[in-house]
Amino acid sequence: MKALEVVAAALGRSMGLRVEFDLDAPTAYTDGRRIVLPELPLLAGEDLETVVLGLMVHEAGHNRLRSIQEPPAGITVTPFIKGLQNGLEDIRIEEGMMRLYRGGKRHLEKIIEYGIRVGWFDSNPVKATPADLVDFGLLFKFRHERLDQKTLAQAATNWEAAAIATFGEPLWRQIVAIAEPATRASSVDASDGPWHAAQRIADLLGQAAQNGSPGGQPQNRRRKSAGNKAAKAAQKAVDATEKQVSATDLGAIVEDNGGTKKVIQQDAGGGSASSDSCPVIACAAGGNLDPSVLPTADKLYRQTAGPLEAKLWARAQEEVFAARTGTGGVVTHVLHRVYTDARVFCRRVEGESRNMAVLMLVDNSGSMRHQGSAKHPMHHAAAGMVALGRLFSSLGIEYAADGFDDAYFVRKPFGSMPVTMSTNLPVVGGGLTNLARAVSIGVTRLVQRDEEKKILLVLTDARVGVNEEYRLAVVDREAGRVGVDVRYVCITPDRIHWSFAGKRLGVADVADTGKALIGAFAQSI
């Protein structure tokens, strides 16, 4: 089982693309700036992982290899030309992704193998239209020969044989000769690219239909009969309607077969997927501080966050001094020679670059109550966020603050400005708790940050059952694999033991909530 959102976000980042999730999307797609994924179950089986990651590599190819463009001038867009162009373009971009991303070949092979197993690709072209014979004859041929997708060997053989039987071998060889350079072109609209190749093949078929001859060979009676058959097929291919042209683009093939939603249903039916909804809500306002929080926050800063800040400053100055002078330790009477600023800590601590991003993820369920009374957990959580915000601002650390109940609330965006009364913080208590899914979303947000060290501070009062603990453990494991350090603070009267978290789990009473949140950050560095 995999926490697929986290895996997908990490894959997107490794390919240099931003990944976002759209609850209404039927399948993965790219808009030229990002890869958009549909809502995914928190825990996914192997089949869903195969489809999603394969689609991501495919869509990344469209994005990175200049595939999102309008047809160039001189192209007459027909259903046949569009379908043919899509198939040739898929070969071009997937071969490019195999070069650019070392895991690309494996992910693409696996989705093709899955597609054959569930019937996306028909190896028997008996009922194929002339347009599909051209499109899939080329698609399967190049997938097998150029992309080395061996599981399509039989389909490639069958479809090419059917195409030769229909159009004649001389005409088919001319079609292949035009199509092959298009799969290696520099861009989709290059002079030898998929759009122009599709247009030239359509023109070739149109000429063959008019001449009634396969490839312009001299005709005897048998050849004349074959030529008439090829001419009719060529004309049907060129004149094909949308209903007579099947989808050739991999993303469209997945969508036509039910999209990722169908794969999710199949996984769930087999007991391998865990699906629940946790909509992501961008909250532009509404999380302002209650004035009663500030005295508590000031006390927390004086007693806990302030001393931690001083310690980190001293450590940073000592490292910078040693790096610039070659002297171990700090010699106080020459410290005035060393220039430091508020971003020293971000750059150098303990001899290594420590660019850092911190996301505070705070439980906003109804049991956290409201921030206006020191009797409630939300009051102390808010105070802890304010004190930590002051520390982060002083040290130049990029930080954000989000909330969750049975939805995920994006509140304070990443930045290093201190918290003010108008800062949009996750301090509004509400519904139930979906802890594992919220942690998964928080991890995906951090994965896409550029900082080298990424810390997720999770504060909750949820009583976690066995099933939710298992889900959380899977997400936590994936977070560690993609470089996100998750720290947990649990507000509960009952002592809990999450074996997967070890020393990264802290338990606090209500009054010590803010102090425990600061302590979780201190332990992470």
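In the block above lies the structure referred to throughout.
Residues numbered from 1 in each chain as written. Predicted model: local features only at pLDDT ≥ 70, side-chain atom pairs only at ≥ 80, totals over all residues. Heavy atoms only, no water.

Q: Please explain the overall build of the protein as it appears in this structure.
A: Check the secondary structure of the protein and you find 17 helices and 12 strands. Evaluated residue by residue, the protein yields a buried proportion of 54% over its 525 residues. In the protein, the proportion of contacts linking residues at least 24 apart, taken out of those at least 6 apart, comes to 76%. Put simply, the protein shows about 22,500 Å² of open surface, and 49% of that area lies on carbon and sulfur atoms. (Helix = DSSP H or I, 4+ residues; strand = E, 2+ residues; numbered from the N terminus. Buried < 20%, exposed > 50% of the residue type's maximum accessible area, 1.4 Å probe, protein only. Contact = heavy atoms within 4.5 Å. Areas by Shrake-Rupley, 256 points an atom, 1.4 Å probe, with all protein chains shown as cover.)

Q: Whenever I open this one, helix α14 (residues 377–395) confuses me. Can you help?
A: One full turn of an α-helix is made of 3.6 residues, so residues set three or four places apart face in the same direction. With 19 residues, α14 should cover 27 Å at 1.5 Å per step; its first-to-last C-alpha distance of 27 Å lies within 8% of that length. When you tally the buried positions in α14, you get 16 out of 19 residues, the bulk of the element. Looking one or two places after α14, you find G396, whose phi comes out positive at around 75°. (Expected span 1.5 Å × (residues − 1).)

Q: Help me understand the side chain of D461 in this model?
A: In this structure, D461 sits in the loop between β10 (453–460) and α16 (466–481). An unpaired buried charge is present at D461: no salt bridge exists, and R463, the closest side chain of opposite charge, is 6.8 Å distant. A polar contact is formed between the side chain of D461 and the side chain of S367, at a distance of 2.6 Å. Non-local contacts of D461, meaning those with residues more than four positions away in its chain, are made with D363, S365, S367, M368 and I491. (Lys, Arg positive; Asp, Glu negative; His and termini not counted. Salt bridge = Lys/Arg side-chain N within 4 Å of Asp/Glu carboxyl O. Polar contact = N/O pair within 3.5 Å; in protein donor to acceptor, adjacent residues only side chain to side chain.)

Q: Any chance you could explain unusual backbone geometry here in plain terms?
A: Excluding glycine, residues mostly carry a negative phi; peptide bonds, for their part, are mostly trans. Of note, the phi angle at D148 is positive, near 60°, even though the residue is not glycine. Within the secondary structure, D148 is located in the loop between α5 (130–145) and α6 (153–167). Here the phi dihedral of R369 falls at roughly 60°; this positive angle occurs in a residue that is not glycine. The exposure class of R369 is partly exposed, given its relative accessible area of 45%.

Q: How should helix α2 (residues 46–64) be read in this particular structure?
A: With 19 residues, α2 should reach 27 Å at 1.5 Å per residue; the first-to-last C-alpha distance of 27 Å fits that figure. Of all 19 residues that make up α2, 16 are buried, and the element is covered over most of its length. R66 occupies a position one or two residues after α2 and carries a positive phi of about 55°.

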